[in-house]
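# Breakdown of the fold
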Amino acid sequence: MDDNNMDPDPWLAKDKLYHVLFCLTLTFFFSASASVSRYSFIRTHSIRVGSILSLLAGAAKEAADQFGLFPSAGASFKDAIADIIGVLIASSALSLWRICSSRRHGSDSGRTRRVLPV
């Protein structure tokens, strides 16, 4: 293959690994931060909150690439897919961890019971 037919944004580039690892790490960080929030709604949905914030960070990075804030060829659909893969891996791992830890500590641990005012 000559250089003119080479894909300028290959799927198996080091850049895609960086995107996966970046969003995976951010999802873990944001989920851990949300899990200690003083608001029960955020604690309950900490994996979703972490995933959404991580995806927003990935989208912001792609927007910055498109506007030329980073030395890059612009926004990449493949980079966005790599971001999503990183978030899916992290959210799956966190969900499995939550399921396994709730089984170890009893079915009601980690859940708050609603108390209705009477």
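Residues numbered from 1 in each chain as written. Predicted model: local features only at pLDDT ≥ 70, side-chain atom pairs only at ≥ 80, totals over all residues. Heavy atoms only, no water.

## Here's the deal with the layout of surface pockets
One number sums up the size of the second largest pocket: a volume of about 170 Å³. Lining the second largest pocket are Pro8, Asp9, Asp15, His19, Lys61, Asp65, Ser72, Ala73, Gly74, Ala75, Ser76 and Asp79. At the level of elements, α1 (14–35) and α3 (46–66) are the ones that each hand at least two residues to the lining of the second largest pocket. Counted by class, the lining of the second largest pocket contains three nonpolar, four polar and five charged residues. (1 Å grid on protein atoms, 1.4 Å probe; cavity = no way out; pocket = protein on both sides within 12 Å on 5 of 7 lines; lining within 4 Å. Points joined across faces, edges and corners; volume = space filled by probe spheres on them. Helix = DSSP H or I, 4+ residues; strand = E, 2+ residues; numbered from the N terminus. Nonpolar A, V, L, I, M, F, W, Y, C, P; charged D, E, K, R; others polar.)

## Focus: the pattern of salt bridges
In total, this model carries four salt bridges according to the counting rule given. Here Asp15 makes a salt bridge to Lys16, at a shortest N to O gap of 3.3 Å. On the accessibility criterion, Asp15 (31% relative accessible area) is partly exposed. According to the relative accessible area criterion, Lys16 is buried, its value standing at 5%. (Salt bridge = Lys/Arg side-chain N within 4 Å of Asp/Glu carboxyl O. Buried < 20%, exposed > 50% of the residue type's maximum accessible area, 1.4 Å probe, protein only.)

## Quick notes on a nonpolar patch on the surface
There is a patch of nonpolar side chains on the surface, built from Trp11, Leu12 and Phe77 and spanning about 450 Å² of accessible area. Given the relative accessible area of 62%, Phe77 is considered exposed. (Patch = residues over 30% accessible without salt bridge, like charges linked within 9 Å, V, L, I, M, F, W, Y side chains within 5 Å. Areas by Shrake-Rupley, 256 points an atom, 1.4 Å probe, with all protein chains shown as cover.)

## Regarding the packing of α1 against helix α4 (residues 77–104)
In the contact formed by α1 and α4, the axes pass within 7 Å of each other and the chain directions differ by 40°. Taken together, the axis directions place α1 and α4 in an arrangement best described as oblique. Remark: the crossing between α1 and α4 carries right-handed chirality. Here Asp15, Lys16, His19, Val20, Cys23, Leu24, Thr27, Phe28 and Ser31 of α1 come into contact with α4, specifically with Lys78, Asp79, Ala82, Asp83, Ile85, Gly86, Val87, Ile89, Ala90, Ser91, Ala93 and Leu94. (Axes fitted to C-alpha atoms, helices over the stretch in contact; angles between N-to-C directions. Parallel < 35°, antiparallel > 145°, perpendicular 65-115°, else oblique. Left-handed = near helix turned anticlockwise from the far one by under 90°. Contact = heavy atoms within 4.5 Å.)

## Describing the environment of Ser37
Note on placement: Ser37 falls in the loop between α1 and α2 (40–44). Ser37 sits in the buried class, given a relative accessible area of 16%. Excluding residues within four positions of it along the chain, Ser37 makes contact with Ile42 and Arg43. Within polar-contact distance, the side chain of Ser37 engages the backbone nitrogen of Tyr39 at 3.1 Å. (Polar contact = N/O pair within 3.5 Å; in protein donor to acceptor, adjacent residues only side chain to side chain.)

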